[in-house]
Amino acid sequence: MDGKRRPGWSGEEPRGSGFRRALIAAAVVVMATLPAVEAFSAQDLPPPLTEADFHEFDPRLAQIGRLLFYDPVLSGNRNISCGTCHHHDLASGDGLALGVGEGGEGLGSKRSTGRGADLIEKRVPRNAPGLFNLGAREIRVLFHDGRLSIEDIFGNGFNSPAEEYLPKGLKGILAAQALFPLASETEMAGNPEENKIAGAAYDRIDYVWPLLVERVRAIPAYLDMFRGADPLVETAGDLTIVHIANALGDFINSEWRSMDSGFDRYLAGDAAALSGKARAGMELFYGKAKCATCHSGPLMTDQDFHALALPHFGPGRTRRFDPYVRDVGRMAESDRLEDAYRFRTPMLRNVALTGPWGHNGAYATLEGIVRHHLDPVSALDAWTPEMVELPVDNRLAGVDFIAFEDNRERERLRSRVDIEPVGLADGEILQLVAFLEALTGEAKGRLGRPASVPSGLPVD
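In what follows, the accompanying structure is described.

Note that the residue after G355, namely P356, is joined by a cis bond; omega there is 0°. Along the chain, P356 falls in the loop between β5 (342-344) and α13 (366-374). The residue Q303 is not glycine, and still its phi comes out positive at about 55°. Classification of Q303 as buried rests on a relative accessible area of 7%. Positive phi is not limited to glycine here, since N350 has a value of about 65°.

Here you go:
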C-alpha cells in the first residue's frame, strides 16, 4: 500500500479476506432471492423408445383386428366403425374438435351430422385421441378422464365403467378399451329405439357384447380366421367378446407405433436429426418452458391429470346430478373435488398430426394450444367460439356453447388451474412448435386400412 487515501475510502485498513467473504455472502443472499431460471440438461432427456417398450402381439390376431376395426358390423346400426373416428388417413384420429359418431356421414372435416332419420342427437362429448404408442408397457390408464385403469379391484384386472361385468381374459388395457365405444350411444351403438344393441346398453353394458358376438359368429370368414389364431375356437359357440377385444387390442398395439421421429433419432445419438430451431425448442421444452414437468419420460406423459382451464363447449360428459352440460373431467370418475377439470396428460409423438388439440379440440392450431399452456387463464379469457371448428348443424348451434357462456362455470374453470404461467417471447413459442413438429415419425400404420371387410359393409 502506498499510504494514500483512495476516493471514498475511510482511511481505515482494508478488511482483507473477512471483508471479501462478507461481500460474497451478501451476493449469495441476493441471488437466492432472484427467480430461478430452469436450465436444460442432457440428463433431462428420456431414453429412446424401442420395440422392447411395447407389449408383444399376435400377428394373426392383429390381422383379424384390422378388419374388425374397420367393419361397421360392430356398430348398432351397422353404419360406423372404429376406423371412422380413428382413421389411417387422419393420423389415427378424425380431424374434428368433437367427433360425429353414429349417424354421421363422411370423414374428417367433410363429416356431417347426418340427414333425415339418421341425424345425430348430440356430438361426441370429447375429442377423438390419436392411437400412437398406446401399446407401450408403461400405459396404465386410458381415456381423457382415466376411467379405465389397470387395477384389480373387480377381479378382472381393471377399474372400468363396466366394473365387475368386464369379462376376464383380456390381454391388456387396449383390449379392454376397445369394448367401450361399442356400447356408447353417441359413438357406435345408436339410439335404443333404433336397434337392440343400443337398447341393451341401457340395461347393462355387458348385455351389448354377446349381441355383437352373434353378428361376428355369423360371418364364416371371421370364424375361419379366429380358428386359425386360437385352437380353442372350434365352433361358433366358442367365439366370445374376449376374442374380438383381444384382436382389436393387438391391432392397435402393433399398428400405430411411433419411435422414428427426428427427436427419437436425436435421442439415439444422431446430433443432426434436429434443426437448430427444433433443438432450441427442445431446450425450452425440457428447461425454461417446463413442459416436461407433465410431458415426461419416454412416452412424454406422466399419465396423471391436470387442470388447464380449457373452455367448455359441446354436450360435455354430464354427471347424473349436474344441473347443466359441463365436463368436470377426472372428478366425475374419482369423486374428489380436487380433481375437478383435470384431464389426462396426452403422449406427444405425432402430435402435429393429431389436431385439433385439447381434450375437446378447443384449438385448431398447435401454436394455439402451446400458448394456452403457457398462460391458461389469459388464454381462456381470450378464447372465442370462432376458434373451434365444428361440423355445422343449426339444431346444435344453440346449445354448443351454453357452458362456455355461463360466467359461474368459467370462474370455476379459472380457479382450478394446475399450471403456473410461463413467459416466452413469440420466437421462443415458434421454437417450441418446431420441436413438437420434430416429434412426427415416418410410420403411419403397419398394415393400413383394408379395402374391404368380411361383413361386406362399406369401409370408410
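Before going further, it helps to spend a moment on the state of the cysteines. Following the criterion strictly, the structure yields zero disulfides and no others. Here C85 is not disulfide-linked; the sulfur of C82 is the nearest cysteine sulfur, at 9.1 Å. Its relative accessible area of 16% is what places C85 among the buried residues. With no disulfide of its own, C291 has C294 as its nearest cysteine by sulfur position, at a separation of 9.2 Å.

This paragraph deals with the nonpolar core. The biggest cluster of nonpolar side chains holds 66 residues, and the ones touching the most others in it are L68, F69, L74, L166, L170, F226 and I244. Where this core is concerned, the elements lending two or more residues are α2 (59-69), α3 (82-85), α4 (173-178), α6 (196-203), α7 (208-217), α8 (220-229) and α9 (241-255). At eight residues, α9 tops the list of elements feeding residues into this core.

What follows covers the packing of aromatic side chains. For the coordinates displayed, the defined rule picks out 14 aromatic pairs. Between F143 and F180, the ring centres sit 6.3 Å apart and the planes meet at 85°, which makes this aromatic pair edge-to-face. Of the two residues, F143 is situated in the loop between β1 (141-142) and β2 (148-150) and F180 in the loop between α4 and α5 (185-189); the sequence distance between them amounts to 37 residues. We classify F143 as buried; its relative accessible area is 15%. Its relative accessible area of 9% is what places F180 among the buried residues. Between the aromatic rings of Y286 and F435, the centroid separation amounts to 6.4 Å while the plane-to-plane angle is 70°, which identifies the pairing as edge-to-face. Taken together, the positions of Y286 in the loop between α11 (276-285) and β4 (305-307) and F435 in helix α17 (residues 426-437) put the pair 149 residues apart, joining distant regions of the chain.

The contact between α11 and α17 brings their axes to 7 Å, and the two run at 100°. In terms of orientation, α11 lies roughly perpendicular with respect to α17. Each of K277, A278, A280, G281, M282, L284 and F285 in α11 lies in contact with α17, whose residues at this interface are E428, L430, Q431, L432, A434, F435 and L436. Across the contact of α11 with α17, the residue classes tally to ten nonpolar, two polar and two charged.

Within a sheet, adjacent strands bond to each other through the backbone by hydrogen bonds, running parallel or antiparallel. Taken in spatial order, the three strands make up an open sheet running β1-β2-β3, and their pairing is antiparallel. With one partner strand each, in any of the chains shown, β1 and β3 (158-159) form the two edges of the open sheet. Pairing geometry for β2 and β3, over two bridges, is antiparallel. Looking across to β3, one finds that I150 is bridged to F158.

Scoring rules and cut-offs
- Residues numbered from 1 in each chain as written.
- Predicted model: local features only at pLDDT ≥ 70, side-chain atom pairs only at ≥ 80, totals over all residues.
- Heavy atoms only, no water.
- Helix = DSSP H or I, 4+ residues; strand = E, 2+ residues; numbered from the N terminus.
- Buried < 20%, exposed > 50% of the residue type's maximum accessible area, 1.4 Å probe, protein only.
- Disulfide = S-S within 2.5 Å.
- Core = buried A, V, L, I, M, F, W, Y, C linked by side-chain atoms within 4.5 Å.
- Phe/Tyr/Trp six-rings, centres within 6.5 Å; stacked < 30°, edge-to-face > 60°.
- Axes fitted to C-alpha atoms, helices over the stretch in contact; angles between N-to-C directions.
- Parallel < 35°, antiparallel > 145°, perpendicular 65-115°, else oblique.
- Contact = heavy atoms within 4.5 Å.
- Nonpolar A, V, L, I, M, F, W, Y, C, P; charged D, E, K, R; others polar.
- Pairing = 2+ DSSP bridges.

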